[in-house]
Amino acid sequence: MYIDSHCHIDFEDLANQGDALFDAMRDAGVDYALCAAVSVERLPGVLAIAEARPNVFCSVGVHPEHTEGEDPKAERLVELAKHPKVVAIGETGLDYYWHKDQPEWQRERFRQHIRAARTCGKPLIIHTREAQADTLRLMREEGADQIGGVMHCFTEDWEMAQGALDLNFYISFSGIVTFKNAAQIKDVATRVPLDRMLIETDSPYLAPVPYRGKLNQPAYVPHVAAEIAKLRGIEVEEVAHASSENFFKLFALARPQS
Ligand SMILES: [Zn+2]
Ligand SMILES: [Zn+2]
């Protein structure tokens, strides 16, 4: 069993595929997916998919790149997260790659999300890019370690991974780990303890090799697991099993009966 711990199957290119997307998932042995929200405006679409599909869970949050639309405070996020298929708060975090002026609104939004997660008891899905020090600082200042969560689509160095692991967070690898030039991420993927690792597609973006450059989808997540297994010199089943167990544990979900 594989689980895609982070995807955007509500985005048009994937949502348009309907059943075909879920048939492909099943055929690839991908039993569950978590559809991460990026805005309040798009949340109804995310919830509709999660309501229609027993094997899709979702999160509530506003992406750090998002400049338009509602900027919810913690209380509002907590309210939105009451839906039974919502298992996390996010994706949230800091992205200084797309916002090089490092705006204060991004940090304030991130704080509100951490407070919401602590209030409602649901873990955080954190996106971080070129903002290592501030991301870890805000996580510490707001007590993110008390609720935990996952650093999704991890692209930073081992020092950052260690900082996040110390704060009770999991590290999630995407298709980037399969890219030839991703030496730093490959290194981190060999060092993160197996019981603290998740896998994801972040589809429709970042398709793993051999689909690089094409439209990504949850059915491709086994390629991420295969690359991590190769790097660590272990069987792919071990990565699949550990990352699935970690998913159920982090998001407080009952394991399916086998
Ligand atoms: Zn992200
Ligand atoms: Zn994402």
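To be clear, the structure that these remarks concern was listed above.
Residues numbered from 1 in each chain as written. Chains lettered and ligands numbered in written order. Predicted model: local features only at pLDDT ≥ 70, side-chain atom pairs only at ≥ 80, totals over all residues. Heavy atoms only, no water.

Asker: Describe the coordination of the zinc ion (ligand 1), listing the residues and the values that go with them.
Answerer: In the first shell of the zinc ion (ligand 1), the protein supplies Glu91 (OE), His127 (ND1) and His152 (NE2), at 2.0 to 2.1 Å from the metal. Mapped onto the sequence, the donors of the zinc ion (ligand 1) take the spacing E-x35-H-x24-H. Metal-to-metal, the separation of the zinc ion (ligand 1) and the zinc ion (ligand 2) is 3.4 Å; Glu91 coordinates the two. With His127 in strand S5 (residues 124-129) and His152 in the loop between strand S6 (149-151) and helix H7 (158-166), the pair connects residues that are 25 residues apart, well separated along the chain. The pair formed by His127 and His152 is uniform in burial state, with each residue classed as buried. (Donors = N, O, S within 2.8 Å, 3.2 Å for Na, K, Ca; no water. Helix = DSSP H or I, 4+ residues; strand = E, 2+ residues; numbered from the N terminus. Buried < 20%, exposed > 50% of the residue type's maximum accessible area, 1.4 Å probe, protein only.)

Asker: Describe the packing of helix H5 (residues 104-120) against helix H6 (residues 132-141), with residues and values.
Answerer: Relative to each other, H5 and H6 sit at 40°, their axes nearing to 10 Å. Here H5 lies oblique to H6, going by the angle between them. Between H5 and H6 lies a crossing whose hand is right-handed. Here H5 contributes Arg107, Phe110, Arg111 and Ile114 to the contact with H6, which in turn contributes Asp134, Thr135, Arg137, Leu138, Met139 and Glu141. Class assignment of the residues belonging to the contact of H5 with H6 gives a composition of four nonpolar, one polar and five charged. (Axes fitted to C-alpha atoms, helices over the stretch in contact; angles between N-to-C directions. Parallel < 35°, antiparallel > 145°, perpendicular 65-115°, else oblique. Left-handed = near helix turned anticlockwise from the far one by under 90°. Contact = heavy atoms within 4.5 Å. Nonpolar A, V, L, I, M, F, W, Y, C, P; charged D, E, K, R; others polar.)

Asker: Tell me about unusual backbone geometry, and please be specific about residues and values.
Answerer: At the junction of Ser203 and Pro204, the peptide bond is cis and its omega measures out at 15° in the coordinates. For the peptide bond that leads from Val209 to Pro210, omega is 10°, which places it in the cis range. Here Pro210 shows up in the loop between strand S8 (197-199) and helix H9 (221-232). Phi is positive for Asp202, close to 55°, though the residue is something other than glycine. Looking at where Asp202 falls in the secondary structure, it is placed in the loop between S8 and H9. The phi torsion at Ala252 lies on the positive side, around 55°, for a residue other than glycine. Topologically, Ala252 is positioned in the segment after helix H10 (236-250).

Asker: Describe the coordination of the zinc ion (ligand 2), and please don't skip the residues or the numbers.
Answerer: Distances from the zinc ion (ligand 2) to its protein donors, His6 (NE2), His8 (NE2), Glu91 (OE) and Asp202 (OD), fall at 2.0 to 2.5 Å. Around the zinc ion (ligand 2) sit four donor atoms, and with donor-metal-donor angles ranging over 87 to 175° the site reads as irregular. Counting along the primary sequence, the residues that act as donors to the zinc ion (ligand 2) give the motif H-x1-H-x82-E-x110-D. (Tetrahedral: all angles 85-135°; square planar, octahedral: opposite > 155°, others 65-115°.)

Asker: Let's hear about the environment of Arg53: which residues, and what values?
Answerer: Mapping Arg53 onto the fold places it in the loop between helix H3 (43-52) and strand S3 (56-60). In this structure the C-alpha to C-alpha distance between Arg53 and Ala182, which are 129 residues apart in sequence, comes to 34 Å.

Asker: Would you mind going over the pairing of strand S2 (residues 30-35) in detail, with residue names and values included?
Answerer: Each regular strand carries side chains that alternate between the two faces of the sheet. Counting buried residues in S2 gives five out of six residues, a clear majority hidden from the surface. Two elements, S2 and S3, share three bridges in a ladder whose sense is parallel. Across the sheet, Leu34 pairs through a bridge with Phe57, a residue of S3. (Pairing = 2+ DSSP bridges.)

Asker: Explain the pairing of strand S7 (residues 169-173) residue by residue, including any values.
Answerer: Counting buried residues along S7, five of its five residues qualify, which places the element largely inside the surrounding structure. Neither face of S7 is left uncovered, since the one carrying Phe169, Ile171 and Phe173 and the one carrying Tyr170 and Ser172 both have all their residues buried. Two strands pair when backbone bridges link them, and S6 and S7 are joined in this way by three bridges, in the parallel orientation. For Met151, the partnering residue across the bridge sits in S7 and is Ile171. Both S7 and S8 contribute to a ladder of three bridges, which runs parallel. Its bridge partner lying in S8, Phe173 is registered against Ile199. Once you follow S7 into helix H8 (residues 183-191) and on to S8, the crossover reads as right-handed. (Right-handed = clockwise from strand over helix to strand, strands pointing away.)

Asker: Let's hear about H5: which residues, and what values?
Answerer: Look at H5: 25 Å from first C-alpha to last across 17 residues, which is about the 24 Å you get at 1.5 Å a residue. Restricting attention to buried positions, one finds in H5 the residues Gln106, Arg107, Arg109, Phe110, Arg111, Gln112, His113, Ile114, Ala116 and Ala117. Against helix H4 (74-80), strand S4 (86-95), S5 and H6 lie the buried residues of H5. (Expected span 1.5 Å × (residues − 1).)

Geometric values such as these leave the question of function open.
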